[in-house]
Amino acid sequence: MALLEILKYPDPRLRIKAQPVSKVDAELRRMVDDMYETMYHAKGVGLAATQVNIHHQLFTMDVSEGQDQRICVLNPEIIFREGIQYEGEGCLSVGGGAFDKVERALKVKMRGLDLDFKTIELDAEGLMAVCIQHEVDHLNGILFIDHLSRLKQDRIRKKIEKARR
Ligand code: GNR
Ligand code: NI
């Protein structure tokens, strides 16, 4: 296994729209193992392939306390959304200590494929629902800060620029 480099905003590669996965082979399985390792190492609850410069529709997630509930979804689609929640979000690809509330659906139903290329459906709410919406956004080239006001985005951009110098 290997740790992968996580792309950091404003890297333009974070804006690439991911392509559907068409098959599961040894290479993809290895990539998923590396994504889990990278996600756990970075203390993230989710990681989209886009963040590690792989532009295929898949993400890993583990929102459990014990880091023992791995979920990997290929070609995810949110097929149902209900309610609203407004919780603080951060992102492994956005530095500068950026953390802010984003409006999301409270509950979602997601459909996708597992690593055996079988259709799976998952009903989620709370943090898992936030994470799914955040990761599906990544696969479409969208970052959580895109949902914030222009003023807040400018502040985050300035903080990141300062931290770089
Ligand atoms: O680790 C993460 N935590 C988190 C907290 C609140 C809302 C979303 C997230 S996802 C983030 C990891 C990440 O950047 N995934 O793309
Ligand atoms: Ni993220």
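Refer to the structure above for everything that follows.
Residues numbered from 1 in each chain as written. Chains lettered and ligands numbered in written order. Predicted model: local features only at pLDDT ≥ 70, side-chain atom pairs only at ≥ 80, totals over all residues. Heavy atoms only, no water.

Colleague: Sorry if this is basic, but what is going on with the pattern of salt bridges here?
Modeller: Where charged atoms from two side chains of opposite charge come close, those side chains can pair. All told, the structure shown has twelve salt bridges when counted by the stated rule. The partner of E89 in a salt bridge is R104, and the shortest N-O contact between them spans 2.8 Å. Highlighted residues: E89 in strand β4 (residues 85–89) and R104 in strand β5 (residues 100–104), separated in sequence by 15 residues. For the salt bridge of D100 with K152, the shortest nitrogen-to-oxygen distance reads 3.4 Å. You can see D100 sitting in strand β5 and its partner K152 sitting in helix α3 (residues 150–164), a full 52 residues away along the chain. Accessibility expressed as a relative area gives 30% for K152, which makes it partly exposed. Salt bridges linked by common partners bring K109, R111, E121 and D123 together as one network. (Salt bridge = Lys/Arg side-chain N within 4 Å of Asp/Glu carboxyl O. Helix = DSSP H or I, 4+ residues; strand = E, 2+ residues; numbered from the N terminus. Buried < 20%, exposed > 50% of the residue type's maximum accessible area, 1.4 Å probe, protein only.)

Colleague: Would you mind going over the site of ligand 1 with me for this structure?
Modeller: The immediate surroundings of ligand 1 are formed by 13 residues, with V45, Q51, L92, E135 and H138 found nearest. One of the side-chain nitrogen or oxygen atoms of Q51 is found 2.8 Å away from an oxygen atom of ligand 1. The contact in question runs from an oxygen atom of ligand 1 to an N or O atom on the side chain of H138, over 2.9 Å. Those elements that place two or more of their residues in the shell around ligand 1 are β4 and α2 (126–139). Here the element with the most residues in the shell around ligand 1 is α2; it accounts for four residues. In terms of residue class, the shell around ligand 1 is made up of four nonpolar, seven polar and two charged. (Near = heavy atom within 4 Å. Polar contact = N/O pair within 3.5 Å; in protein donor to acceptor, adjacent residues only side chain to side chain. Nonpolar A, V, L, I, M, F, W, Y, C, P; charged D, E, K, R; others polar.)

Colleague: Help me understand the coordination of the nickel ion (ligand 2) in this model?
Modeller: Metal coordination angles in their ideal form are 109.5 degrees for the four-donor tetrahedron and 90 or 180 degrees for the six-donor octahedron. Every protein donor of the nickel ion (ligand 2) is listed here as C91 (SG), H134 (NE2) and H138 (NE2), and their distances to the metal cover 2.1 to 2.3 Å. Every donor residue of the nickel ion (ligand 2) comes from the same chain, spaced as C-x42-H-x3-H. With C91 in the loop between β4 and β5 and H138 in helix α2, this residue pair connects regions lying 47 residues apart in the sequence. Here C91 matches H138 in class, with each residue buried. (Donors = N, O, S within 2.8 Å, 3.2 Å for Na, K, Ca; no water.)

Colleague: Explain the packing of aromatic side chains here, please?
Modeller: By convention here, two paired aromatic rings are described through the distance between centres and the angle between planes. Tallied over the full model, the rule gives one aromatic pair. Here Y36 and Y40 contribute two aromatic rings whose centre-to-centre distance is 6.2 Å and whose plane-to-plane angle is 20°, an arrangement assigned as stacked. Taken together, the residues Y36 and Y40, both in helix α1 (residues 26–41) and four residues apart, mark about one turn of the helix. Exposure class is identical for Y36 and Y40. Each is buried. Directly above the aromatic system of Y36 lies the positively charged group of R70, at a separation of 4.3 Å from the ring centroid. (Phe/Tyr/Trp six-rings, centres within 6.5 Å; stacked < 30°, edge-to-face > 60°. Lys NZ or Arg CZ within 6 Å of the ring centre and 35° of its normal.)

Colleague: So what exactly am I meant to see when it comes to the environment of L74 here?
Modeller: Mapped onto the elements, L74 comes out in strand β3 (residues 71–82). Of the residues examined, L74 reaches a relative accessible area of 0% and is grouped as buried. L74 sits 40 residues away from D114 along the chain, and the two C-alpha atoms are 6.2 Å apart. Setting aside its immediate chain neighbours within four residues, L74 contacts V21, V24, L28, Q57, L58, G112, L113, D114, L115 and F117. (Contact = heavy atoms within 4.5 Å.)

Colleague: Is there a simple way to explain the sheet that holds strand β2 (residues 58–61) in this structure?
Modeller: In sheet architecture, strand pairing relies on hydrogen bonds along the backbone and comes in two forms, parallel and antiparallel. Within the open sheet, the five strands sit side by side as β1-β2-β3-β6-β7. Their pairing is antiparallel. On the outer flanks of this sheet lie β1 (46–48) and β7 (119–125), each paired with one strand and no other. Between one strand and the next, the sheet's axes are offset by a mean angle of 40°, whatever the strand orientation. Bridge count for strand β6 (residues 107–113) against β7 is seven bridges, and the pairing is antiparallel. Residue pairing in the sheet places K107 in a bridge with E125 of β7. Strands in contact with α1 are β1, β2 and β3; relative to β2, the strand with the most contacts, it is inclined by about 40°. Here α2 sits on the sheet in contact with β1, β2, β3, β6 and β7, set at roughly 125° to β7. (Pairing = 2+ DSSP bridges. Axes fitted to C-alpha atoms, helices over the stretch in contact; angles between N-to-C directions.)

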